[in-house]
Amino acid sequence: MTSKARGNLVEGIVTFLIGLGLWLFTGDVEVPVVTLTKVGVVMMCVGGVLAAAGLWQGTRRRT
């Protein structure tokens, strides 16, 4: 796996896990501007896309 593909994969996994933590544990936290559970869902989506891009880049370079 190349360094860019590995970087995207790691960044995606970390972003997904942070989003999952926000989604699971901040349901009762009040923030004036945003809802932290919705921010968590968005971060999980972004993390999933980054991880998928990292996997795709890694497999594309092997062939």
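Conventions we followed
- Residues numbered from 1 in each chain as written.
- Predicted model: local features only at pLDDT ≥ 70, side-chain atom pairs only at ≥ 80, totals over all residues.
- Heavy atoms only, no water.
- Helix = DSSP H or I, 4+ residues; strand = E, 2+ residues; numbered from the N terminus.
- Rg over C-alpha atoms; globule rule 2.2 N^0.38 Å.
- Buried < 20%, exposed > 50% of the residue type's maximum accessible area, 1.4 Å probe, protein only.
- Contact = heavy atoms within 4.5 Å.
- Polar contact = N/O pair within 3.5 Å; in protein donor to acceptor, adjacent residues only side chain to side chain.
- UniProt positions renumbered as here; feature names shortened; annotations may be inferred.

## What to know about the overall build of the chain
Tallying secondary structure elements over the chain gives two helices and zero strands in all. Against the 2.2 N^0.38 benchmark of 11 Å for 63 residues, the chain shows a C-alpha radius of gyration of 14 Å, more extended than a compact globule. With the principal axes as the frame, the chain shows a C-alpha extent of 50 × 15 × 15 Å. The buried share among the 63 residues of the chain stands at 24%. Relative to all contacts within the chain whose residues are 6 or more apart in sequence, the contacts with residues 24 or more apart total 67%.

## A look at the side chain of T26
Within the element layout of this structure, T26 appears in the loop between α1 (3–25) and α2 (36–62). Exposure remark for T26: the relative accessible area of 12% places this residue in the buried category. Here the side chain of T26 touches L22 through a polar contact of 2.3 Å, landing on its backbone oxygen. If near-sequence neighbours (up to four positions away) are discounted, T26 is found in contact with G21, L36 and T37.

## As for the UniProt feature "transmembrane region" (unreviewed entry) in the chain
As recorded in UniProt, the feature "transmembrane region" (unreviewed entry) lies at residues 7–25 and 31–56. End-to-end, the C-alpha atoms of residues 7–25 are 27 Å apart, and along that stretch the chain is 100% helix and 0% strand. Split by type, residues 31–56 is 81% helix and 0% strand. Its first and last C-alpha atoms lie 37 Å apart.

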